[in-house]
Amino acid sequence: MKKLIILILIIGFGHTIYGQNYNDFDTDSTKTEAFKPSKSQFMIRGYGHTGLNSVTSDGETESSYVGSAFAPIFLFKHSDRLLFEAELEFVLEGNELEVGLEYANVMYVLNKNMTVRAGKFLLPFGTFMERLHPAWINRLPTKPLGFGHDGIAPSSGIGVELRGAFDLGGPKLNYSVYSTNGPRIKDGSVEPEEAGMLQFQNYEDNNNSKAFGGRIGLLPFADSSTEIGFSTYSTNKVGATDSQYENVGAFLYAFDFAFVKQFSGFGVIDIKGQYNNSKVDDATYTELDEFGNPEEYTFNNESNSFYTQLSYRPTTSESDFMKKLEFVGRYSNYNAPADAEWSGESEQYAFGLNYWLTWRSVIKVAYQTTDSVGGHDGGGTANGFFVHWAIGF
Amino acid sequence: MKTIHKILIKGATLIAVVAIVVSCSSTKDTYVNATDVEEFKMEKSGAQMWGEACNRCHLAPSPADYNDTDWETIGLHMRIRANLTEKEITKIEAFLKSAN
C-alpha cells in the first residue's frame, strides 16, 4: 500500500516536470512584445432610420410611422490595398420584410492615383446616389425628384470600374470610368403605362452590349470647398436580343455642383445641386385604344430632372443648442417625356430643420410640397410633414 | 445614339489610358531637389483636411469614435468612395489616429 501511495505521489507531482508550459507568464508574448493588430480586419458599419410621415393629397391625409430601415455595411480589409464592401438593406414594405443588396464589390488600389473595383457598385452618375443618399447624410427625409423609384438617374450597376484622384498642387481632379450590364427598356407588355422607361437594376444582361459611363470631378480651389462634376452613361442596346427593341440605345448625362465652406463668425454653408438628362432612341410601342384594339405610337423619349439644396449650420453660435441646428431648403423638378403614357411634370419644395445629436445622428423635421401634372397618379398637389431620426454607425 | 455611344467609349478609353499613364509614371529620377522645395510649401495639416474633405458630404467624424485599426479600414473605404487623393487620406488618417 505504501508503495502504491509513493507511486501515486511521484506521478502526481512528477508529471509537472515534463508538462508543457503554455501558461508560463515568463514567456507570455504580451509581456515582451506590444499588441499588433493584423492587417486583415472585418468591420460592420451602416445606418438606420425611422420616423413619422404625414402626407395630404387630394384632401386625404395619410399618416403613419414609416421608414424602419436598417442598412448594415460590411467591410473586409484584406490588406492595405484590397477591400471588400457590401451593403444590405432591410426595409418593411407593406408589413413584409424586404431585403436588398445595395452593393457588393471588391476593390484593389493599383497605385496612388488608381483603384479598380468590380462587382455591384453605386454608380458615380452625379453625386447624390453615390455619396449623399444615406439617411444620416441626406439632409432631408426624402430624396429629390428624379432619384429613387421611377427616377431617371441610375443608382447602381454590375460591372468593373477604374477610379482615382490627382492632386494638382492645390486643385484636385477625380475621375471614374466604368462598364456595367446596362439598363433594360420596359416595352409595356407588363405595365403598358411605363412603356419606354429604363430599368437599371439588372443582375443579368439582356443583350451583349454593355453600358459605359464615367464622371470627372474638379475641385478648383485649394480649400476643397467647391466641386463641379460631369457624368455620362451610354449604351447601344437596351432591348433583349432578337426583340424589336434590341437596337434602341440610350444616352444619359449629369452635371453636379457642391460648395461647402465654414465662414468664420457665421457658420457652415452647404450648397448641392445636380441636373440629370436621359435620352432613349425613338421606338414604337403598343397601347390599347378605347375599344381594346392595339394601337402603335411613338414619342420623343427624353426626360430631365434637377435639384438644388442649401443648408446652413450656425456652428459659430455661442449657444450649444444653436450650434447643433441645421436649416435646409431644397428645390427639385422632374419632367417626363410629353407624349409618353407616363408623361408628367413635377415640382417640389422641401424645407427642413435638423438637430444633430452627434456627427452621425440627426433628428429631421421637414415640410414638403409637390405639384404634379400627369404622371402615375394623375397629378395634383401633395403636402407632406416628416419627422425622422437617422443614425450612422 | 450609336455615334454618341462610340464617342463616349473612345472618351472613356482615353481617360482610362491617360490616368494609367500618369498614375504609373515614376518620379524617382526627377532632378528637382524635393527637400528644397518643401521648405517653401504651406502644407495643410491633417486636421484641416479632415474638416474640409469629410464635410463635403457629412459632418466630420469624431476621432474618438473608432480606434486606430478601425480608422485604417474606414480610411481605405472613404478614400475609394469619396475619391480622395492619397495625400488627403494619409494625413486625415494620421490626424484621426493621433487625436483618438
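The rules we used
- Residues numbered from 1 in each chain as written.
- Chains lettered and ligands numbered in written order.
- Predicted model: local features only at pLDDT ≥ 70, side-chain atom pairs only at ≥ 80, totals over all residues.
- Heavy atoms only, no water.
- Contact = heavy atoms within 4.5 Å.
- Buried area = accessible area lost by both parts, 1.4 Å probe.
- Salt bridge = Lys/Arg side-chain N within 4 Å of Asp/Glu carboxyl O.
- Polar contact = N/O pair within 3.5 Å; in protein donor to acceptor, adjacent residues only side chain to side chain.
- Helix = DSSP H or I, 4+ residues; strand = E, 2+ residues; numbered from the N terminus.
- Nonpolar A, V, L, I, M, F, W, Y, C, P; charged D, E, K, R; others polar.
- Buried < 20%, exposed > 50% of the residue type's maximum accessible area, 1.4 Å probe, protein only.
- Phe/Tyr/Trp six-rings, centres within 6.5 Å; stacked < 30°, edge-to-face > 60°.
- Axes fitted to C-alpha atoms, helices over the stretch in contact; angles between N-to-C directions.
- Parallel < 35°, antiparallel > 145°, perpendicular 65-115°, else oblique.
- Left-handed = near helix turned anticlockwise from the far one by under 90°.
- Pairing = 2+ DSSP bridges.

Undergrad: Go over the interface of chain B and chain A, please, and point to the residues and values.
TA: At the interface, 43 residues of chain B touch 65 residues of chain A. Both sides of the chain B and chain A interface together cover about 4,900 Å² of buried area, and 62% of this is carbon and sulfur. Linking chain B to chain A there are five salt bridges. With a shortest N-O distance of 3.5 Å, Arg 360 of chain A and Asp 65 of chain B are connected by a salt bridge. At the junction of chain B and chain A, the tally comes to 16 residue pairs in polar contact (both at pLDDT 80 or more). Those elements giving two or more residues to the side of chain B that touches chain A turn out to be helix H1 (2-24), helix H4 (68-81) and helix H5 (86-99) of chain B. It is H1 of chain B that provides the largest number of residues to the side of chain B that touches chain A, a total of 13 residues. Classifying every residue of the side of chain B that touches chain A gives 21 nonpolar, ten polar and twelve charged.

Undergrad: Account for helix H3 (residues 46-54) of chain B, naming residues and giving values.
TA: Among the residues of H3 of chain B, Gly 46, Met 49, Glu 52, Ala 53 and Cys 54 of chain B are the ones counted as buried. Packed against the buried residues of H3 of chain B are H5 of chain B.

Undergrad: Would you mind going over the pattern of salt bridges in detail, with residue names and values included?
TA: All names here are of chain A. Applying the stated criterion across every chain yields a total of 28 salt bridges over all chains. Where Glu 227 meets Arg 131, a salt bridge forms, and the shortest distance between an N and an O atom there is 3.0 Å. Here Glu 227 is found in strand S11 (residues 226-235), whereas its partner Arg 131 is found in helix H3 (residues 128-132), with 96 residues between them in sequence. Both residues of the pair, Glu 227 and Arg 131, count as buried. Between Glu 246 and Lys 237 there is a salt bridge, with the nearest N and O atoms lying 3.6 Å from each other. Using a relative accessible area of 17% as the deciding quantity, one classes Glu 246 as buried. For Lys 237, a relative accessible area of 25% corresponds to the partly exposed category.

Undergrad: Run through the packing of aromatic side chains, naming residues and quoting values.
TA: Counted according to the given criterion, the structure contains 27 aromatic pairs over all chains. With a centroid separation of 4.9 Å and an interplanar angle of 45°, the aromatic rings of Phe 128 of chain A and Phe 147 of chain A are classed as tilted. Taken together, the positions of Phe 128 of chain A in helix H3 and Phe 147 of chain A in the loop between H3 and strand S6 (156-167) put the pair 19 residues apart, joining distant regions of the chain. On the accessibility criterion, Phe 128 of chain A (2% relative accessible area) is buried. The exposure class assigned to Phe 147 of chain A is buried, which follows from its relative accessible area of 7%. Aromatic side chains Trp 50 of chain B and Phe 95 of chain B sit 5.0 Å apart centroid to centroid with 45° between the ring planes, which places their arrangement in the tilted category.

Undergrad: Report on the environment of Asn 138 of chain A, specifying residues and quantitative values.
TA: Residue and element names in this part refer to chain A. Within the secondary structure layout, Asn 138 lies in the loop between H3 and S6. Look at Asn 138 and you get buried, because its relative accessible area is 6%. Once the C-alpha coordinates of Asn 138 and Ala 390 are considered, the two residues, 252 residues apart in sequence, prove to be 9.4 Å apart. Here Asn 138 is in contact with Phe 128, Leu 132, His 133, Lys 143, Gln 309, Arg 330 and Lys 364, once residues within four sequence places are set aside.

Undergrad: Account for the packing of H4 of chain B against H5 of chain B, naming residues and giving values.
TA: Residue and element names in this part refer to chain B. Between H4 and H5, the least distance of the axes is 10 Å, while the angle of their chain directions is 155°. Judged by the angle between their axes, H4 and H5 are roughly antiparallel. Crossing geometry of H4 relative to H5 is assigned as right-handed. Between H4 and H5, the residues in contact are Asp 68, Trp 71, Glu 72, Gly 75, Leu 76 and Arg 79 and Glu 86, Ile 89, Glu 93, Leu 96 and Lys 97, respectively. By residue class, the composition of the contact of H4 with H5 is four nonpolar, one polar and six charged.

Undergrad: Please set out the pairing of S11 of chain A residue by residue, giving values where relevant.
TA: Residues and elements named next belong to chain A. With eight of ten residues buried, S11 is to be regarded as a mostly interior element. Taken together, the seven bridges between strand S10 (residues 211-219) and S11 define a ladder with antiparallel strand orientation. Opposite Gly 217, over in S11, you have Gly 229 as the bridge partner. Between S10 and S11, which pair antiparallel and follow one another directly, the connecting turn spans six residues, one of which, Ser 224, has a positive phi of 55°. Examined bridge by bridge, S11 and strand S12 (residues 250-263) share ten bridges and lie antiparallel to one another. Looking at the pairing, Ile 228 lines up with Phe 257 of S12.

On their own, these measurements won't tell you what the molecule is for.
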